[in-house]
Amino acid sequence: MRIRALFDHPAPVFSVEFFPPKTEIGERSLLRTVDQLRPLAPSFVSVTYGAGGSTREKTIEIVSRIKREHGLEAMAHLTCVGHDRDELAAILDRLAAAGIENVLPLRGDPPRGETTFVKPANGFGYASELAAFSKARGDTFCLAGGGYPEGHPECRDLERDVAHLRRKVDAGVEVVITQLFYDNRFYFDFVARARRAGITAPLLPGIMPITNVAQIERIAGLCGAHIPEPLRARMRAAEGDDQAVLQVGVDHALAQCRDLLAGGAPGIHFYTLNQSPATAAILGALRG
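Now for a look at the structure at hand. (Residues numbered from 1 in each chain as written. Predicted model: local features only at pLDDT ≥ 70, side-chain atom pairs only at ≥ 80, totals over all residues. Heavy atoms only, no water.)

Looking now at the pairing of strand E3 (residues 74–79). Counting buried residues along E3, six of its six residues qualify, which places the element largely inside the surrounding structure. Along E3, one buried face is formed by Ala74, Ala76 and Leu78 and the opposite face, lined by Met75, His77 and Thr79, is buried too. Judged from the three bridges that link them, strand E2 (residues 44–47) and E3 form a sheet pairing that is parallel. Considered in E3, the bridge of Ser46 is made with Met75. Across five bridges, the pairing between E3 and strand E4 (residues 102–106) is parallel. What sits directly across from Met75, in E4, is Asn102. (Buried < 20%, exposed > 50% of the residue type's maximum accessible area, 1.4 Å probe, protein only. Helix = DSSP H or I, 4+ residues; strand = E, 2+ residues; numbered from the N terminus. Pairing = 2+ DSSP bridges.)

Structure follows, in structure tokens:
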């Protein structure tokens, strides 16, 4: 199923995101997590793509297994990093052959050890170019795209950033999934900017429940996500007690989700970090 069709119904779309593990033990753990979340009926599952294509094979393998063996709709991430056009075409062909109908084209982060993105020879420098390339190969895929409520880390001019998003949509992106955020005002302001720019695609908010204080502070810093001071104070007060940190994360994320849905968000995309307890608790409460 193409995920765009999910948004034609009134029920919220709940999706989950995983990353490909680098070990067999990690892969078995991930597939257990998929099984643990499956009873909560996520609308679709997405699988990320490592910097520099470092997990390319695992992305293709895992997204195929999730769809084939676990019966869940799946979406594969694909980045510009380290690939020329011929390689990207071959990857798209492999995904199509595996029955994958949904792809998320991204520019991607620089490979480990590098600080700036370098456009590959005969490749692409922007997600909009990769989206247009994917769409030009035929109407094989439903394309999703990334959106940034607080601006992309390399483009903090919010109006300019939404203009970049408009280019992705014009290139064929049908669904936008946002970067994580912890203050819903950023999402609602983002929606207003996008609609003013003529973007009519569904804008699915991305939520990453807090499960580890140092980890979340690092991730939020990398992507430029603001952590409200009251939330940071609760995180710091709970630090050292894993269960207390988890509860702070679940409580805040659940409140965020309820407010987002009440405010018109079409669903929630959960960044799981390959763990099920927080997402299961939140999604179970929302389903209940």
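Still more to cover.
What follows covers the pattern of salt bridges. Counted according to the given criterion, the structure contains 19 salt bridges. Between Glu69 and Arg65 there is a salt bridge whose closest N-O contact spans 3.3 Å. In this pair, Glu69 and Arg65 both sit in helix H2 (residues 56–69), four residues apart, roughly one turn of the helix. Residue class for Arg65 comes out partly exposed when judged on its relative accessible area of 23%. One salt-bridge network, in which partners are shared between bridges, spans Glu27, Lys58, Glu61, Arg65, Arg68 and Glu69. (Salt bridge = Lys/Arg side-chain N within 4 Å of Asp/Glu carboxyl O.)

Contact geometry for helix H8 (residues 229–238) and helix H9 (residues 242–262): axes closest at 8 Å, N-to-C directions at 160°. Looking at the two axes, H8 sits roughly antiparallel to H9. H8 and H9 meet at a crossing whose hand is right-handed. Seen from H8, the contacting residues are Leu231, Arg234, Met235 and Ala238; seen from H9, they are Ala244, Val245, Val248 and His252. Grouping the constituent residues of the contact of H8 with H9 by class yields six nonpolar, one polar and one charged. (Axes fitted to C-alpha atoms, helices over the stretch in contact; angles between N-to-C directions. Parallel < 35°, antiparallel > 145°, perpendicular 65-115°, else oblique. Left-handed = near helix turned anticlockwise from the far one by under 90°. Contact = heavy atoms within 4.5 Å. Nonpolar A, V, L, I, M, F, W, Y, C, P; charged D, E, K, R; others polar.)

Turning our eyes to something else, we now look at the packing of aromatic side chains. By the definition in use, this model includes three aromatic pairs. Measuring from ring centre to ring centre gives 5.2 Å for Phe124 and Phe133, while their planes differ by 50°; the resulting arrangement is tilted. On the accessibility criterion, Phe124 (4% relative accessible area) is buried. An angle of 70° between the planes, with centres 5.4 Å apart, marks the rings of Tyr187 and Phe188 as edge-to-face. Tyr187 gets classed as buried once you look at its relative accessible area, which sits at 3%. For Phe188, a relative accessible area of 28% puts it in the partly exposed group. What links up through ring pairs into an aromatic cluster is the set Phe181, Tyr187 and Phe188. (Phe/Tyr/Trp six-rings, centres within 6.5 Å; stacked < 30°, edge-to-face > 60°.)

Moving on: the sheet that holds strand E5 (residues 142–147). A barrel is described by the order of its strands in space; here eight strands give the closed sequence E1-E2-E3-E4-E5-E6-E7-E8, paired in parallel fashion. Strand-to-strand twist of the sheet, defined as the mean angle between neighbouring strand axes without regard to direction, takes the value 30°.

We now examine helix H10 (residues 277–287). What H10 keeps buried is the set Ala278, Thr279, Ile282, Leu283 and Leu286. Relative to the axis of H10, the buried residues are bounded by an arc of 115° and lie together on one face. Elements in contact with the buried residues of H10: strand E1 (13–18), helix H1 (24–37), H9 and strand E8 (267–271). (Arc of directions from axis to C-beta.)

The element strand E6 (residues 173–180) is largely enclosed, with a buried count of six among its eight residues. Remark: the E5/helix H5 (residues 158–171)/E6 crossover connection has right-handed handedness. Across three bridges, E6 lies against strand E7 (residues 203–207) in parallel orientation. Within E7, the residue paired with Ile177 across the bridge is Leu204. In the classification by handedness, the crossover that spans E6, the intervening helix H6 (residues 184–196) and the parallel E7 is right-handed. (Right-handed = clockwise from strand over helix to strand, strands pointing away.)

This part covers the environment of Pro266. Along the chain, the position of Pro266 falls in the loop between H9 and E8. Among the residues examined, Pro266 registers a relative accessible area of 25% and is labelled partly exposed. Separated by 113 residues in the primary sequence, Pro266 and Pro153 have C-alpha atoms spaced 25 Å apart. Dropping the residues within four chain positions of it, Pro266 is found in contact with Phe7, Ala11, Pro12, Val13, Tyr187, Leu203, Leu204 and Pro205.

All right, on to the nonpolar core then. Counting 62 residues, the largest nonpolar core has Ile66, Leu95 and Phe270 as its most contacted members. If we ignore the near neighbours within four places in the chain, the residues touching Ile66 are Phe18, Val34, Val45, Val47, Gly71, Leu72 and Ala74. Within the second largest apolar cluster, 30 residues are counted, among which are Ile177, Met208, Val213 and Ile227. (Core = buried A, V, L, I, M, F, W, Y, C linked by side-chain atoms within 4.5 Å.)

Interpretation note: all reported values are geometric properties and have no functional meaning in isolation.
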